[in-house]
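Listed here are the chains, written in short residue letters.
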Amino acid sequence: MNDTYDVLIIGGGPAGLAAAIAAHAGGAQVLIVEREAQLGGILKQCVHDGFGLERYGEALAGPEYAARDAETVRALGIDVSVGTFVLDAQRSDGRCTLTLTNAQGVWRVTAKALVLATGCRERTARQVLIHGDRPAGVFTAGCAQNLVNLQGMQPARRVVILGSGDIGLIMARRLTLEGAEVVGVYEAKSQPSGLPRNIAQCLNDFGIPLFLSTTVTRTLGRDRLEAVEICDVDEHMRPIAGTERLVECDTLLLSVGLIPENELAERLGVPLSPVTHGPIVDQSLQSEVDGIFAAGNCLLVNDLVDYVSEQGMRAGAEAARVALRGQHRTLAQVRMGSGVASCAPQLIDLEADVHEVSFYLRSDAAYRKAEVLFVSEGEVLQKRRLAAVRPAEAIRMTVDVSGMGDDVWVSIAGEQRS
Ligand SMILES: Cc1cc2nc3c(=O)[nH]c(=O)nc-3n(C[C@H](O)[C@H](O)[C@H](O)COP(=O)(O)OP(=O)(O)OC[C@H]3O[C@@H](n4cnc5c(N)ncnc54)[C@H](O)[C@@H]3O)c2cc1C
């Protein structure tokens, strides 16, 4: 382990591993810093299959997917420091200095470029304003996934799941297979949030009902959860008085969204997007602070790990380029027009060599016969037709930005579905 590297990578999940491999291939000296005892990130606890269909053309389990890149990192001899926490992060004179700690002590390490690959965290009961008692038995879906899949525990007998995000759907199936009764999945929106394949394979195949436009308003129970209060909600997702009913259960799982983990980015003065909650980046996935990159779920919440790895590879390769060869940037904005709820990257560096840019978009509503349009100074850069789009499914689109002027608009149009 050295005191100085070309590229430091914070987080050893799929984004960080891909970034490390790409930065190493670019000739950089790389260190991965991971706070857990093992590499692999959240995929360590995702024992179901379905990972890697795009990247490998195979349906791998989460740990299998992560192991491929972790083994490559080991084989390449890339430096890794696990069980290591970042105590402080500073940027000055074009370098990042991190103060790290692990069982061996506290030390400082400096690098020319930093890739943030810190993932995301789950929204908790407090963040969705559930009132009532505070008994045991209220978990985030990921916490329950960890208990069941990594620690061999069965924390639930009769389960209510709030939110139809993918992790909740996957846990509905997992807990059913472990012998629990899943009473239902309750979703405040009028459309499910998870992928259609997860609704089919995790709920429909097991006869688990999905209740739309419904929410949990209260938890009841002294030591352990005994029941939850369910309410119908209006089109603004406000509970409708008079629709309250109790559902008996000993467990409430929350699958109500993920929040990119960006405390380090904030400490380093990296501007964050109020839309994606991740750093605002250009096509190299470099933030507005020179030399600081972001990839994976700390950049934006991704549906597919394949996109996470793609972002890691791009950020790692570009971090190596900047660390070894320097850069000069001229940034232009990508503006969101009608129909677009989120878009990353939000900037284009007009001087960069990267012209084929992967954009990750979400629509603001469900549309049929949709058309995604990138326009620069009245010229259509790229147009793509899709049979249907929904906010729950990210759209990935590759656009050649070589002919663009100093601003680009992206919009989504189509027939809106109710
Ligand atoms: C609970 C949960 C379950 C999921 N299940 C699925 C699923 O079944 N299928 C699917 O396709 N996607 C799933 N996802 C999405 C999944 O997160 C992504 O597919 C992918 O794992 C994201 O990769 P990442 O590298 O960006 O983040 P992560 O895999 O979360 O890795 C981030 C890593 O950074 C480390 N880290 C964070 N902060 C620091 C710090 N300050 N210092 C050092 N290390 C740090 C973390 O310990 C972690 O190892 C799930 C997400 C969550 C939260």
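Presented here is an overview of the structure given in this document. (Residues numbered from 1 in each chain as written. Predicted model: local features only at pLDDT ≥ 70, side-chain atom pairs only at ≥ 80, totals over all residues. Heavy atoms only, no water.)

Further remarks concern the overall build of the protein. Check the secondary structure of the protein and you find 8 helices and 28 strands. For a compact globule of 418 residues, the expected C-alpha radius of gyration is about 22 Å, and the protein comes in at 22 Å, within 12% of that figure. Here the C-alpha coordinates of the protein stretch approximately 65 × 60 × 40 Å along the principal axes. Counting only residues that meet the buried cut, the protein has 53% of its 418 residues in that class. A separation threshold of at least 6 residues defines the contact pool for the protein, and within that pool the share at least 24 residues apart is 61%. Across the protein, the 39 positively charged side chains and the 52 negatively charged ones have centroids separated by 2 Å. (Helix = DSSP H or I, 4+ residues; strand = E, 2+ residues; numbered from the N terminus. Rg over C-alpha atoms; globule rule 2.2 N^0.38 Å. Buried < 20%, exposed > 50% of the residue type's maximum accessible area, 1.4 Å probe, protein only. Contact = heavy atoms within 4.5 Å. Lys, Arg positive; Asp, Glu negative; His and termini not counted. Charge placed at Lys NZ, Arg CZ, Asp CG, Glu CD.)

Strand order across the open sheet formed by 4 strands is E10-E15-E16-E17, with mixed pairing between neighbours. Unpaired on one side and paired on the other, strand E10 (131–132) and strand E17 (245–248) mark the two borders of the sheet. With 2 bridges joining them, E10 and strand E15 (residues 214–220) adopt parallel strand pairing. The residue bridging His-131 from the neighbouring strand is Arg-218, located in E15. (Pairing = 2+ DSSP bridges.)

Core analysis: the largest hydrophobic core is formed by 62 residues, its most contacted members being Val-7, Leu-114 and Leu-116. Take this core: its biggest share by element is 8 residues, from helix H8 (residues 305–325). Sequence-distant contacts of Leu-114, defined by excluding residues within four places in its chain, comprise Leu-8, Ile-10, Cys-96, Leu-98, Leu-268, Gly-291, Ile-292 and Phe-293. Of all hydrophobic cores here, the second largest spans 22 residues; its members include Phe-359, Leu-361, Ala-365 and Ile-395. (Core = buried A, V, L, I, M, F, W, Y, C linked by side-chain atoms within 4.5 Å.)

For the rest of this paragraph, the subject is the packing of helix H5 (residues 166–177) against helix H6 (residues 196–203). One way to put it is that H5 packs onto H6 with a least axis distance of 8 Å and a crossing angle of 20 degrees. Taken together, the axes of H5 and H6 are roughly parallel relative to one another. Here H5 runs over H6; the crossing is left-handed. Contacts between H5 and H6 pair Asp-166, Leu-169, Ile-170, Ala-172 and Arg-173 from the former with Asn-198, Ile-199, Gln-201, Cys-202 and Leu-203 from the latter. Partitioning the contact of H5 with H6 into residue classes produces 6 nonpolar, 2 polar and 2 charged. (Axes fitted to C-alpha atoms, helices over the stretch in contact; angles between N-to-C directions. Parallel < 35°, antiparallel > 145°, perpendicular 65-115°, else oblique. Left-handed = near helix turned anticlockwise from the far one by under 90°. Nonpolar A, V, L, I, M, F, W, Y, C, P; charged D, E, K, R; others polar.)

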